[in-house]
Amino acid sequence: MMRRALCARPGCQGQTAAWLTYDYAGQRVWLDDAPSDAAGDQWSLCAGHAGRLRVPQGWTRVDRRVARPSRFEPPEALVS
Ligand SMILES: [Zn+2]
């Protein structure tokens, strides 16, 4: 398994904050805090790219991260 410290997106030098796993057969994408043992293509993503992730039409995006980055979301007090 390849472990990378930087975001895999071209041109991005962000620190890896999440791991992306593609299941082409099941048309699912997982986001994890750490590389999983699941078979499939895994990519490292920074917090920004993980948060903006879009999956192909018909695919399912499953966010399994426990500690989700909160600095890209407004504090709850401002949401109401
Ligand atoms: Zn990035």
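Small disclaimer: the values here were computed from a predicted structure and weren't measured. (Residues numbered from 1 in each chain as written. Predicted model: local features only at pLDDT ≥ 70, side-chain atom pairs only at ≥ 80, totals over all residues.)

Trainee: For this particular structure, what's the right way to read the sheet that holds strand S1 (residues 18-23)?
Mentor: Adjacent strands of a sheet form backbone hydrogen bonds with each other and so pair up, either parallel or antiparallel. The 4 strands lie next to each other as S3-S1-S2-S4, forming an open sheet whose pairing is mixed. Both edges of this open sheet fall to strand S3 (41-45) and strand S4 (60-63), since each of them pairs with a single strand only. Put simply, the sheet's adjacent strands are angled 20° from each other on average, direction ignored. Of the pairings in the sheet, the one linking S1 to strand S2 (residues 28-32) comprises 5 bridges and is antiparallel in character. Pairing of Asp23 across the sheet is with Arg28, part of S2. (Pairing = 2+ DSSP bridges. Helix = DSSP H or I, 4+ residues; strand = E, 2+ residues; numbered from the N terminus. Axes fitted to C-alpha atoms, helices over the stretch in contact; angles between N-to-C directions.)

Trainee: Sorry if this is basic, but what is going on with unusual backbone geometry here?
Mentor: Trans peptide bonds make up most of the peptide bonds, and negative phi angles are found at most residues other than glycine. Not every positive phi belongs to a glycine, and Gln27 is a case in point at roughly 55°. Following the sequence through the fold, Gln27 ends up in the loop between S1 and S2. The class of Gln27 is partly exposed, set by 13 C-beta atoms lying within 10 Å. (Buried ≥ 20, exposed ≤ 12 C-beta atoms within 10 Å, placed from the backbone.)

Trainee: Is there a simple way to think about the nonpolar core in this case?
Mentor: Nonpolar side chains in soluble globular proteins tend to be buried together. In terms of nonpolar packing, the biggest core is built from 9 residues, these being Cys7, Ala17, Ala18, Trp19, Leu20, Val29, Trp30, Leu45 and Ala50. Element by element, the count of residues in this core is highest for S1, at 3 residues. (Core = buried A, V, L, I, M, F, W, Y, C linked by C-beta atoms within 7 Å.)

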